[in-house]
Amino acid sequence: MIHNKKLLTFVGTGGVGKTSLSLVVAIQAAKMGRRVAAITVDPSRRLSSLLGLQASENQSKSVRWSSVEKPVDVFYIEPSEVFQGFVQENMKAEFFEKIQNNGIYRQVSQNLRETHNFAALYKTEKIISSGQYDFVVLDTPPCHQVVDFFESPARLQRFFSATVVSDKKGWLSWVQEKGMQVAEKFLKTMVGDDFVSEMDHFFRLVGDVKSQIDQTSQGFISQMQSSDTSLQLVFPPARDKIQDALFLNKEISDNKFKVDSFVLNRAFPVGLDFSEEVALPEDGREKNLYDYYRVQKQRSEEILKDFRSKQVNSDAQFVRLPELHQPMETLEDVLSFSEKVNAHWEVL
């Protein structure tokens, strides 16, 4: 595992194990005595309940284990709430009070994908710059297009830099050109002068936050491109997920970032001894199971070899992890899972 960095970021599509691996790495770093923050945007209900997480931008849950030297501070980000805090922090009080009643602002803060992604970047930047932690793990939102995540500040900056349009048709055309996913149903219900008035009012009020969006964007990009940051791309051995990972890697590279580790997660079953000293079963159910495990493990090696030949980062690590069955009922179960993953963290 990589613990000599300041920021470790996990990316990948939904359901590949990013959140679990983020917590695993955070626990292992805490065992080494590092002051750790783990940031998650979309944890499972069971994990949220187990860790005692609440969706609040102002709170974290300090999770402790008796055998781990330092606690792990886990932050569960609720994007619209974090974005609301960002706007309030960077807008004059009288303007913030007015903008909360603006229908366009409410839709943007609650439904615009760019504001949700920006909130995660903004919160991460704040936690890093606070100086309270020397190791931060970021579990990014599930996404098929990493560009949506990493380019969200720039897109939001362009959105907030609109030129005032004189009619509803012009605004709707502008929104479509920007590719912004404001709630269409809401936009279509606003008519004529009311719509134009709301849009005009919104853009006159948000002027104070445009420069801060740009500043936050540049700060995060600099952090992501620094030698203190490591980007981990997680994917399972399913064919569609492999294609997703190749696509995500290209997008990351096109955006001037670099994946340090490709993690093939849940690559093969674990539980049988493949060492040469062990006598091989000759027939029956045990032999069938042994052959199946062996084939799956060989397939995982072939997947990584093929992936290595197609990706562009010649100095990247290729990590293989097995399918680990671990009940998650207590915090000790979480710790046990972390130990198992750490023990099986195999760099090929």
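Residues numbered from 1 in each chain as written. Predicted model: local features only at pLDDT ≥ 70, side-chain atom pairs only at ≥ 80, totals over all residues. Heavy atoms only, no water.

**Section: unusual backbone geometry**
Although it is not a glycine, Arg266 adopts a positive phi angle of roughly 55°. Considering the arrangement of structural elements, one finds Arg266 in the loop between strand 7 (261-264) and helix 14 (284-310). Residue classification places Arg266 among the partly exposed positions, given a relative accessible area of 32%. (Helix = DSSP H or I, 4+ residues; strand = E, 2+ residues; numbered from the N terminus. Buried < 20%, exposed > 50% of the residue type's maximum accessible area, 1.4 Å probe, protein only.)

**Thoughts on the packing of helix 6 (residues 113-129) against helix 8 (residues 152-160)**
The contact between helix 6 and helix 8 brings their axes to 8 Å, and the two run at 130°. Between helix 6 and helix 8, the crossing angle belongs to the class labelled oblique. In this structure, the crossing between helix 6 and helix 8 has a hand that is left-handed. Residues Arg113, Glu114, Thr115, Asn117, Phe118 and Leu121 of helix 6 form the contact with helix 8, whose own contacting residues are Ser152, Pro153, Arg155 and Leu156. Considering only residue class, the contact of helix 6 with helix 8 consists of four nonpolar, three polar and three charged. (Axes fitted to C-alpha atoms, helices over the stretch in contact; angles between N-to-C directions. Parallel < 35°, antiparallel > 145°, perpendicular 65-115°, else oblique. Left-handed = near helix turned anticlockwise from the far one by under 90°. Contact = heavy atoms within 4.5 Å. Nonpolar A, V, L, I, M, F, W, Y, C, P; charged D, E, K, R; others polar.)

**A word on the pattern of salt bridges**
As enumerated under the stated definition, the model contains nine salt bridges in all. One salt bridge connects Lys250 with Asp254, and the closest N-O pair in it is separated by 2.9 Å. One end of the pair, Lys250, and the other, Asp254, are both in helix 13 (residues 239-254), four residues apart, so they sit about a helical turn from each other. Residue class for Asp254 comes out partly exposed when judged on its relative accessible area of 47%. (Salt bridge = Lys/Arg side-chain N within 4 Å of Asp/Glu carboxyl O.)

**Digging into helix 13**
Taking 1.5 Å of rise per residue, the 16 residues of helix 13 would be expected to cover 22 Å, and the 23 Å separating its terminal C-alpha atoms lies within 8% of that figure. Looking only at helix 13, the buried set comprises Lys241, Ile242, Asp244, Ala245, Leu246, Leu248, Asn249, Glu251 and Ile252. (Expected span 1.5 Å × (residues − 1).)

**Remarks on empty space enclosed by the protein**
Counted according to the given criterion, the structure contains one cavity of 30 Å³ or more. Counted as a void, the largest cavity has a volume near 70 Å³. Lining the largest cavity are 10 residues; nearest its centre among them are Thr19, Leu23, Ala38, Thr40 and Val74. Residue assignment for the lining of the largest cavity shows that the elements contributing at least two residues are helix 1 (18-31), strand 2 (36-40) and helix 2 (45-51). (1 Å grid on protein atoms, 1.4 Å probe; cavity = no way out; pocket = protein on both sides within 12 Å on 5 of 7 lines; lining within 4 Å. Points joined across faces, edges and corners; volume = space filled by probe spheres on them.)

**Notes on the sheet that holds strand 7**
Hydrogen bonds along the backbone pair up the strands of a sheet, which may run parallel or antiparallel. Judged by pairing direction, the sheet is mixed, and its nine strands sit side by side in the order 3-4-2-5-1-6-7-8-9 without closing on themselves. The open sheet has two edge strands with one neighbour each: strand 3 (61-63) and strand 9 (346-347). Bridging between strand 7 and strand 8 (residues 317-320) involves four bridges; their strand directions are parallel. By the bridge assignment, Val263 is partnered in strand 8 with Val319. Strand contacts of helix 13: strand 1 (7-11), strand 6 (229-235) and strand 7, with the helix running at about 155° to strand 6, the strand carrying the most contacts. (Pairing = 2+ DSSP bridges.)

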